[in-house]
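# Observations on the model geometry
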Amino acid sequence: MHETAIVRGLMRILEQKAAESGIRRIVSVRLKVGRLRGLESRQLRGCFALFAEDTLAEGAQLIIEEVPVQAHCPACDRSWVAAAYRLQCPGCGGTEAEIQTGRELYIESFEGERACPKDRTPAGASPFGRRHRITTL
Ligand SMILES: [Zn+2]
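Residues numbered from 1 in each chain as written. Predicted model: local features only at pLDDT ≥ 70, side-chain atom pairs only at ≥ 80, totals over all residues. Heavy atoms only, no water.

An unreviewed UniProt entry lists the chain under the name Hydrogenase maturation factor HypA, with Rhodovastum atsumiense given as the organism. Recorded under Function (unreviewed entry), the UniProt text for the chain is reproduced unchanged: "Involved in the maturation of [NiFe] hydrogenases. Required for nickel insertion into the metal center of the hydrogenase." (UniProt positions renumbered as here; feature names shortened; annotations may be inferred.)

Following this line, the structure appears as structure tokens:
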């Protein structure tokens, strides 16, 4: 299943980044998922809970932010939120729309605890300063 590969990639990044920054326990993970990815949030969460068992992410909360599909028509310069794969321009009927958002798949941030339980990184802030794209290779 596709979700399995995604979560495997996610876990690999989390373990690597946690090790780099001395995080011993991951509390929550915020994931951005574009709607064009066709991923089920419920399946992702279930899969994550399974994969996180006996790891530093056990019991961590997986927060999934779905990103809508935003399309842009170059013919009439209109932008709109589209249903997946229905990309006809509502303005001029053009079919050359470009996808601007909806393909996202990355870790927006995660929150963890270092050796001292009180030393928690601020909620919502990425301790790494950039987004972590998930690869499923
Ligand atoms: Zn148009």
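### A word on the coordination of the zinc ion
Cys73 (SG), Cys76 (SG), Cys89 (SG) and Cys92 (SG) make up the full set of protein donors to the zinc ion, lying at 2.3 to 2.4 Å. Note that the zinc ion binds four donor atoms; their angles at the metal cover 103 to 116 degrees, and the shape is tetrahedral. Mapped onto the sequence, the residues coordinating the zinc ion show the spacing C-x2-C-x12-C-x2-C. One end of the pair, Cys73, is in strand 3 (residues 69-73); the other, Cys89, is in the loop between strand 4 (78-82) and strand 5 (98-101), with 16 residues separating them in the sequence. (Donors = N, O, S within 2.8 Å, 3.2 Å for Na, K, Ca; no water. Tetrahedral: all angles 85-135°; square planar, octahedral: opposite > 155°, others 65-115°. Helix = DSSP H or I, 4+ residues; strand = E, 2+ residues; numbered from the N terminus.)

### With respect to the UniProt feature "binding site: Zn(2+)" (unreviewed entry) in the chain
The sites that UniProt annotates as "binding site: Zn(2+)" (unreviewed entry) are Cys73, Cys76, Cys89 and Cys92. Taken along the chain, the residues just named run across 20 residues; in space they keep tight, none of their C-alpha pairs more than 8.7 Å apart. As for its placement among the helices and strands, Cys76 is situated in the loop between strand 3 and strand 4. Among residues more than four places away in sequence, those in contact with Cys76 are Cys89 and Cys92. For Cys89, a relative accessible area of 5% corresponds to the buried category. Every residue in contact with Cys89, bar those within four places of it in the chain, is listed here: Cys73, Cys76, Arg78, Trp80 and Gly94. (Contact = heavy atoms within 4.5 Å. Buried < 20%, exposed > 50% of the residue type's maximum accessible area, 1.4 Å probe, protein only.)

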